[in-house]
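# Summary of structural features
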Amino acid sequence: MNGIVSALRTARFARAVLVYLAVYSGIAAWLPWTRVDRATAPSWAALLGLVHPFSSPAFVAGVALLFASTLACTWGRRARALQLLRGELPESAVALSSAQGKDAAAFLRAQSFSAARGPVMRRFPWALWGGWILHVGLLVLIAAVAIQQTFHDEGSFELGVGEATVLSRPGAVFGRARGILAPQDPPDLEVALVSYDPFLHQRGYAPDRASRVRLRAGGDDGAEVQLDRADGARAGPVTVYQAIPDGLALVVDVPGLGARAIHLHGSGRRAEAEVVDPAGRPARFAVEAEHALDDPAGTGPLALALDSGGQRLALAPGAPFRFGDGEARVVALTRWAGFTYARSPGMPGIFAGFAVILLGALLLAFPAGVARLGEPGDEVAARVFGRGADVLARRWERQGANSPASR
Amino acid sequence: METVAFWTAVTAYAVSAAAFFGAFAFGKRRFGAVARWLAAAGLVPHAVAVGLRWAEVGHGPYNTRYEVLSADVLLLVAVYVGASAVAKGVLPLGAFVMPLAFLGMGWAVSTFGLRAEVPIIFKSYWLWLHIGFAKAFAACTLLAAGAAAGYLFRSRAPERLRWLPPAEDLDLYGHQFLLVAFLLLGVMIAAGSLWAHQSWGRYWGWDPIETSALVTWIAFAIILHFRVLHRWSGRRMAYLTFVGAAFMLVTVFVVAIAVPTIHNSYMVGR
């Protein structure tokens, strides 16, 4: 066991793991199928489990080794810091040779060292904890990411203006991604789209989507919030985000079913939706515009139609039309918008880990050091350990006898 | 007003760069002090120019090449002036920083007249921190590279360029700048994660620039391990510092230019 810990603790092992992760990440980020315009992953990538390279066994193993290496390095580091603070310097401490007329204590004081007790002098002693704190932060970060990945839950949904849905309702959410211990069902959150503007102009920013949504979790009254792609809206542990997809929605009043919003998908000037009519036959609603459907200046006149049973029927708002075995009515042509929701219980841990890492890195930026003065007559005037100790030794060598200590 | 402030800053930086060359050519420390003072004085109109543009366009300096590079230079000069106030030995690095600042302003002015709106996802306080720390990280890494170059000059010819601090001091400055750059890069990554989480509900997307920043952070960690654990210093550390600077340049400029991502406009402008 001790042998394993010793091996994990070596700087060579830590470097090897870091290099492995850096090279792996550098290559994986450039794999064609991980890019925005995703190509299909080749079969060999699937065979090696590299379709999703940053959740592949090779990457997870690298992170696990990094955790083990960091844990082994952290183990015992606290005791070493305490030893240093007591003035027990390691073999690698730099020696300042005694010389006639040179005062090591005065020299060290001029280098910002101050006497602690007896022959021990220290500079920024609290900063000696920097390395230990940084390693603890790295452990917290890796553990928190593991928790976050395990419990993370996200999914997409669409809403037409005036439409409401409960995310836990079957079929309400699609494209769901969840960790192995995330709740089985989507959250019990009711979301209603009150209004939607695909081209809201906010000063300084290009026109973009903005919605007013009502969020109601459990039995509370809910709250109406403004949502755009700059920021999500929270309802308990769930955050709802405005997504990019949107389109036209046809609200149709179907006898026995009530008003239904049919989301049309398409690009350019045409959008359509395949449905099954109340009689169980396939049908297609289609909208054709004069201009592009995403033209901020407007679509121009729209032509609505229903393709069913090999026949095309022109539709008009308010006018009844044959749908299945009964009559339905187009209530309105409006817009639908896409949203996502996310639950990330590990996030506070991740940010805590980052904060601890940064605190450690901040402390490391201070040139902390500990010096132990030699006895009168010793060959060594003082031994110094810490960042910049070698520089300090060269300054000591350069310094003439009784000359003012230079910084 | 913005034009006047911008060109006043450019003039101050140009004269400062010339004064640093004079300090090197004639070995006059006084030239260096004047040059640093000019650099500090140039920061005031420069900040005014950046602030006026910010107020006019309604978003931070992260869209056009002018906005991006001008803010890069502002941070570079501010970090240099601040560092040289804390450690006097850093002052000669102005001979490396100020010509870069002048050239950066020259590149920036090529799109001075361009004004454009940014995507709505840029409306975030975390983005300010993300971008600000990215610029400060780049500035500290450039200063570390400057100190490493100074070290190599000074250690090869100790009798020449006596205006530079002793080689071992430059070695230590390089290390300190790298440490601070490591810290700033960490803050930049954390702020970027918070921004991504605020806008998209995910803190990490393995976008090429995100990954490149992470790889750079790991590379800096490896370099710092060599220094702290193996006591590497001097020539080897100077070359490793150049490697760190190369990683920074690849992340901040090369990947941003080569790969179309959300990061393009605010890293290299358009």
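Residues numbered from 1 in each chain as written. Chains lettered and ligands numbered in written order. Predicted model: local features only at pLDDT ≥ 70, side-chain atom pairs only at ≥ 80, totals over all residues. Heavy atoms only, no water.

### Details of the overall build of chain B
The secondary structure content of chain B amounts to nine helices and zero strands. Seen in sequence order, chain B has helices and strands lined up from the N terminus as α-α-α-α-α-α-α-α-α. Taking 2.2 N^0.38 as the reference for a compact globule, 270 residues should give roughly 18 Å; the C-alpha atoms of chain B span a radius of gyration of 19 Å, in line with that estimate. With respect to the three principal axes, the spread of C-alpha positions in chain B is 55 × 50 × 30 Å. In chain B, which comprises 270 residues, the share counted as buried stands at 63%. Across chain B, the fraction of contacts at a sequence separation of at least 24, relative to all contacts at a separation of at least 6, is 78%. When the accessible surface of chain B is summed, it comes to about 10,200 Å², and 72% of that surface belongs to carbon and sulfur atoms. Chain B carries 20 positive and 11 negative side-chain charges, and their two centres are separated by 9 Å. (Helix = DSSP H or I, 4+ residues; strand = E, 2+ residues; numbered from the N terminus. Rg over C-alpha atoms; globule rule 2.2 N^0.38 Å. Buried < 20%, exposed > 50% of the residue type's maximum accessible area, 1.4 Å probe, protein only. Contact = heavy atoms within 4.5 Å. Areas by Shrake-Rupley, 256 points an atom, 1.4 Å probe, with all protein chains shown as cover. Lys, Arg positive; Asp, Glu negative; His and termini not counted. Charge placed at Lys NZ, Arg CZ, Asp CG, Glu CD.)

### Regarding the overall build of chain A
Counting secondary structure elements, chain A contains nine helices and 21 strands. In terms of C-alpha radius of gyration, chain A reaches 33 Å, well past the compact-globule figure of 22 Å for 407 residues. Dimensions of chain A along its principal axes, counting C-alpha atoms only, are 110 × 50 × 40 Å. The 407 residues of chain A split such that 43% are buried.

### Comments concerning a nonpolar patch on the surface
All names here are of chain A. Together, Ile147, Phe151, Ile180 and Leu181 make up an exposed nonpolar region whose accessible area comes to about 420 Å². Looking at the secondary structure, you find Phe151 in helix α7 (residues 130-151). You can call Phe151 partly exposed: its relative accessible area is 34%. (Patch = residues over 30% accessible without salt bridge, like charges linked within 9 Å, V, L, I, M, F, W, Y side chains within 5 Å. Salt bridge = Lys/Arg side-chain N within 4 Å of Asp/Glu carboxyl O.)

### A look at the nonpolar core
Tyr13, Val77, Tyr80, Met98 and Phe177 of chain B are the most contacted members of the largest nonpolar core, which totals 105 residues. Per-element accounting of this core gives the leading share, 15 residues, to helix α6 (residues 167-200) of chain B. Apart from residues no more than four positions distant in its own chain, Tyr80 of chain B is found in contact with Phe20, Arg36, Val90, Leu91, Leu93, Gly94, Val97 and Leu143 of chain B. One finds Leu264, Ala271, Phe285 and Ala289 of chain A within the second-largest nonpolar core, a separate group that totals 21 residues. (Core = buried A, V, L, I, M, F, W, Y, C linked by side-chain atoms within 4.5 Å.)

### Things to note about the packing of α7 of chain A against helix α8 (residues 347-364) of chain A
All names here are of chain A. Orientation of α7 relative to α8, taken along the N-to-C sense of each, is 165°, at an axis distance of 7 Å. As far as their axial angle goes, α8 and α7 are roughly antiparallel. Where α7 crosses over α8, the two elements pack in a sense that is left-handed. For the pair α7 and α8, contact is made by Gly130, Gly131, Ile133, Leu134, Val136, Gly137, Leu138, Val140, Leu141, Ala144, Val145 and Gln148 and by Met347, Gly349, Ile350, Gly353, Phe354, Val356, Ile357, Leu359, Gly360, Ala361, Leu363 and Leu364, respectively. Grouping the amino acids of the contact of α7 with α8 by side-chain chemistry returns 17 nonpolar, seven polar and no charged. (Axes fitted to C-alpha atoms, helices over the stretch in contact; angles between N-to-C directions. Parallel < 35°, antiparallel > 145°, perpendicular 65-115°, else oblique. Left-handed = near helix turned anticlockwise from the far one by under 90°. Nonpolar A, V, L, I, M, F, W, Y, C, P; charged D, E, K, R; others polar.)

### Overview of the pattern of salt bridges
A side chain with one charge may pair with a side chain of the opposite charge, provided their charged atoms come close. Going through the model one piece at a time under the given rule, you end up with 26 salt bridges over all chains. Across the salt bridge formed by Lys123 of chain B and Asp228 of chain A, the nearest N and O atoms sit 3.3 Å from each other. Note that Lys123 of chain B is positioned in the loop between α4 (94-108) and α5 (125-156) and Asp228 of chain A in strand β9 (residues 223-228), a pairing that runs across two chains. Since its relative accessible area comes to 8%, Asp228 of chain A is described here as buried. Residue Arg270 of chain A is joined to Glu288 of chain A by a salt bridge in which the shortest nitrogen-to-oxygen separation is 3.1 Å. Here Glu288 of chain A lies in strand β15 (residues 282-289) and Arg270 of chain A lies in strand β14 (residues 270-276), a separation of 18 residues in the sequence. You can call Arg270 of chain A partly exposed: its relative accessible area is 30%. Through salt bridges with shared partners, a single network forms among Arg270, Glu272, Glu274, Arg284, Glu288, Asp307 and Arg312 of chain A.

### Regarding the sheet that holds strand β16 (residues 302-308) of chain A
Residue and element names in this part refer to chain A. Taking strand neighbours across the sheet as the criterion, the five strands line up as β13-β14-β15-β16-β17 in an open arrangement whose pairing is antiparallel. Here the strands that pair on one side only, and so sit at the sheet edges, are β13 (265-267) and β17 (311-315). Ignoring strand direction, the axes of neighbouring strands in this sheet form an average angle of 20°. Alignment of β15 against β16, held across seven bridges, turns out to be antiparallel. Following the sheet pairing, Phe285 is matched in β16 by Leu306. (Pairing = 2+ DSSP bridges.)

### Concerning the pairing of strand β18 (residues 320-323) of chain A
Residue and element names in this part refer to chain A. Taking every second residue as pointing to the same face, the buried face of β18 carries Phe321 and Phe323, while none of Pro320 and Arg322 on the other face is buried. Pairing analysis gives four bridges linking β18 to strand β19 (residues 326-343), with the strands arranged antiparallel. Paired with Phe321 across the strands is Ala328, a residue of β19. Counting the residues in the hairpin turn of β18 and β19 gives two residues, including Gly324, whose phi is positive at 70°.

### What to know about the packing of aromatic side chains
Residues and elements named next belong to chain A. Counted under the stated rule, the structure contains 28 aromatic pairs over all chains. When the ring of Trp126 is compared with that of Phe366, the centres are 5.0 Å apart and the planes differ by 70°; the resulting orientation is edge-to-face. Of this pair, Trp126 sits in the loop between β3 (120-123) and α7 while Phe366 sits in the loop between α8 and β20 (369-373); the two residues are 240 residues apart in sequence, bridging distant segments of the chain. Taking the relative accessible area as the measure of exposure, Trp126 reaches 44% and is therefore partly exposed. (Phe/Tyr/Trp six-rings, centres within 6.5 Å; stacked < 30°, edge-to-face > 60°.)

### Structural notes on the sheet that holds strand β8 (residues 208-217) of chain A
Residues and elements named next belong to chain A. Spatial ordering of the open sheet is given by β5-β7-β8-β9, a layout of four strands whose pairing is antiparallel. Each having just a single partner strand, β5 (164-166) and β9 make up the two edges of the open sheet. Taking each pair of neighbouring strands and ignoring which way they run, the sheet shows an average axis angle of 30°. Pairing between β8 and β9: six bridges, direction antiparallel. Across the sheet, residue Val213 finds its bridge partner in β9, namely Val225.

### A word on the environment of Arg235 of chain B
Residue and element names in this part refer to chain B. Residue position: Arg235 is located in helix α8 (residues 234-258). Residues Arg235 and Val50, 185 residues apart in the sequence, show an inter-C-alpha distance of 39 Å. The contacts of Arg235, once residues within four sequence positions are left out, are Tyr151, Leu152, Ser155 and Arg156.

### What to know about the side chain of His59 of chain B
Mapped onto the fold, His59 of chain B is located in the loop between α2 (29-57) and α3 (65-86). In this structure His59 of chain B comes out as buried when scored by relative accessible area, which is 1%. At a separation of 3.0 Å, a polar atom in the side chain of His59 of chain B contacts the main-chain carbonyl oxygen of Ala116 of chain B. If near-sequence neighbours (up to four positions away) are discounted, His59 of chain B is found in contact with Gly204 and Tyr205 of chain A together with Trp54, Glu67, Ala116, Glu117 and Val118 of chain B. (Polar contact = N/O pair within 3.5 Å; in protein donor to acceptor, adjacent residues only side chain to side chain.)

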